[in-house]
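Per-entry structural report
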Amino acid sequence: MSNQDFGSVLALHGGEKTIKEKFARYSPIGEEEVKAASEVVSSGVLSQYLGCWSDDFYGGPKVQEFERQCETYFGVKHAITVNSWTSGLVAAVGALGVEPGDEVIVSPWTMCASATAILHWNAIPVFADIENDTFCLDPVAVEKCISPRTKAIMAIDIGGQSADLDALREIADKHGLKIISDTAQAPGALYKGKLAGTLADIGGYSLNYHKHIHTGEGGVLVTNDDELADRMRLIRNHAEAVVEDKGVTNLVNMLGHNFRLGEIECAIGIEQLKKLDPLIKSRQVAADQLSEGLSGLKGLKLPVTRKDCTHVYYVYKMMIDPEVTGVSRNKIFEALVAEGVEGLSTKFANLHLLPLYQKKVAYGSNGFPWRSDVTSREVSYEKGICPVAEDLHDTSYLGFLMCLHEMQYSEIELIIQAFKKVWDNLDKLVDD
Ligand SMILES: *Cc1c(COP(=O)(O)O)cnc(C)c1O
């Protein structure tokens, strides 16, 4: 067998791998962040918060500076930093005044915290299906999930682009609901000229290590509503100890937490936010290169960006049609992984299928809050309630995580080569 032949045999079948070395890990952290962090460390004040009604209730100088910078960047009245976006989601749901047994409609195609933030307040997540091209909440499915107990819709800007906020807003207004945008994966994405996350009543972003920009852990809430902002700041910092001195009269959900982000993280965040636009641009360039290289492979559907919107590519989401490829998505995935392509996945959560929801065991062992007198109906998490999301997971979804590596031109060319090699050999792939 000549070298040429050997190179054209799939790595899955003992041939040579297309990608022989691991790519460099993605890191947006540079000298600027090192300097900013060490200045804070040298100052000795790593956090300046006090959990009582005082000047320091809103945090120290870096917290303030980062929040004002976020307000400018996102064009919102209030930006509120928190120690994770999971905390941010909890604060958002609580601030809306969601009560035990109330329902919040959410996508099953998201990170688990979107839904547990609802459960946190003993409210009930109701899963609505997604659009099969953008993977975001399908407004038609949302409307079908509305009940007399529905209080809010949690839209997830999943993978890097916004949910259909105009359509969701129309539904929300018609039924008197609020909207939360979980924009963890789409900071800087545009929805009809406006930044994703800023069109909801409350939106926000994650600053964890895997996101476009990061501070290790962290999150930022955004809103234009003064009262909601106030309530989120209270939940962030021990509300119950502050309400009296601050003269707060609405005590609903005013049991607070410590969701405070420190001075070091905020100093790093200030430098990170300056880099967001160029980082987004580089991912868009990489995604365009991928799309050009992968176009025309039969049965492979490339990412779709909603009309009049932009995509910031946390994940590059493809779909495989096994009827056209003649072999399952899972087998193709195996072949691509064997070629050395890192960052591919066939799975994304169908949250309703997690044991938590299937068994309805969250608080204690007796099914609280589902099986209790705070609820007024049985909400179903049966397989089949979100057919689009389930089918994507079971048969067609193929995601490529853009947050794993620095996207170099030559590396993307190798990824394209690996795909082409697998596609050249589709007839040699046999399902187990
Ligand atoms: C990352 C992420 C979260 C959670 O953010 P953390 O900062 O890690 O708590 C929530 N929702 C989505 C869609 C995410 O991607």
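Scope of this entry: the structure provided in the associated data block. (Residues numbered from 1 in each chain as written. Predicted model: local features only at pLDDT ≥ 70, side-chain atom pairs only at ≥ 80, totals over all residues. Heavy atoms only, no water.)

1. A look at the sheet that holds strand 5 (residues 178-182)
Applied cut-off: By the convention used here, strands pair only if DSSP detects at least 2 bridges between them. The way it works is that DSSP assigns letters per residue, a run of H or I at least four long becomes a helix, a run of E at least two long becomes a strand, and they are numbered from the N terminus. Only the stretch in contact is used when fitting a helix axis, every axis being a line fitted to C-alpha atoms; angles between N-to-C directions are given from 0 to 180 degrees.
Strand order in the open sheet formed by seven strands is 1-9-8-5-4-2-3, with mixed pairing between adjacent strands. Taken across any chain shown, the strands that pair with only one partner, and hence form the sheet edges, are strand 1 (78-82) and strand 3 (124-127). Strand-to-strand twist in this sheet, taken as the mean axis angle between neighbours without regard to direction, amounts to 25°. Here strand 1 pairs with strand 9 (residues 219-223) via five bridges, running antiparallel. Paired with Ala79 across the strands is Val222, a residue of strand 9.

2. Concerning the pairing of strand 11 (residues 315-320)
Counted only if it meets this: Burial classes follow relative accessibility: with a 1.4 Å probe on protein chains only, a residue under 20% of its type's maximum area counts as buried, one over 50% as exposed, and anything between as partly exposed.
Within strand 11, six of the six residues are buried, which leaves the element mostly enclosed by the surrounding structure. The alternating pattern of strand 11 places Val315, Lys317 and Met319 on one face and Tyr316, Met318 and Ile320 on the opposite face, and all of these are buried. Here strand 10 (residues 300-301) runs beside strand 11; their pairing, made up of two bridges, is antiparallel. Looking across to strand 11, one finds that Lys301 is bridged to Met319.

3. Things to note about the site of the ligand
Here is the rule: By convention in this text, a residue qualifies as near a molecule or strand provided that one of its non-hydrogen atoms is within 4 Å of it. Polar contact criterion, stated in full: a pair of N or O atoms within 3.5 Å, where within protein one must be able to donate a hydrogen and the other to accept it, and residues adjacent in sequence count only if both atoms are side-chain atoms. The method behind every accessible area is Shrake-Rupley, applied with a 1.4 Å probe, and residues are considered shielded solely by the protein chains displayed. For this scheme, ten residues count as nonpolar: Ala, Val, Leu, Ile, Met, Phe, Trp, Tyr, Cys and Pro. Four count as charged, namely Asp, Glu, Lys and Arg, and the remainder, Gly too, count as polar.
Surrounding the ligand, one finds 14 residues, the nearest of these being Thr86, Asp182, Ser206, Asn208 and Lys211. Trp85 places a main-chain nitrogen or oxygen 2.9 Å from an oxygen atom of the ligand. One nitrogen or oxygen atom from the side chain of Gln185 is found 2.8 Å from an oxygen atom belonging to the ligand. For the ligand, whose accessible area on its own is 380 Å², the fraction buried by protein is 93%. Its residues placed into classes, the shell around the ligand shows four nonpolar, eight polar and two charged.

4. Topic: the nonpolar core
Heads up, the rule is: Only buried residues count toward a nonpolar core, which is a set of Ala, Val, Leu, Ile, Met, Phe, Trp, Tyr and Cys residues joined through side-chain atoms within 4.5 Å. An automatic or database domain assignment supplies the residue ranges for each domain. In this analysis, two residues are considered to be in contact whenever any of their non-hydrogen atoms come within 4.5 Å of each other.
Core analysis: the largest hydrophobic core is formed by 78 residues, its most contacted members being Trp109, Met154 and Leu221. Sorting elements by how many residues they give to this core places helix 4 (residues 85-95) first, with seven residues. Three or more residues apiece are contributed to this core by two domains, here domain 1 (6-26 + 275-347 + 390-428) and domain 2 (31-272). Among all residues touching Trp109, those that are not within four sequence positions of it are Ile130, Phe135, Ile158, Lys317, Phe348, Ala349, Asn350, Ala389, Leu392, His393 and Tyr397. Of all hydrophobic cores here, the second largest spans 32 residues; its members include Ile19, Leu336, Phe400 and Phe419.

5. Considering the pattern of salt bridges
Note the following rule: For this analysis, a salt bridge means a side-chain nitrogen from Lys or Arg found within 4 Å of a carboxyl oxygen belonging to Asp or Glu.
Inspection of the entire model under this criterion finds 26 salt bridges. Among the salt bridges present, the one from Glu103 reaches Arg377, with a minimum N-O distance of 2.9 Å. With Glu103 in strand 2 (residues 103-106) and Arg377 in the loop between helix 13 (355-358) and helix 14 (387-396), the pair connects residues that are 274 residues apart, well separated along the chain. Close ionic contact of Lys331 with Asp432 constitutes a salt bridge, the shortest N to O distance being 2.9 Å.

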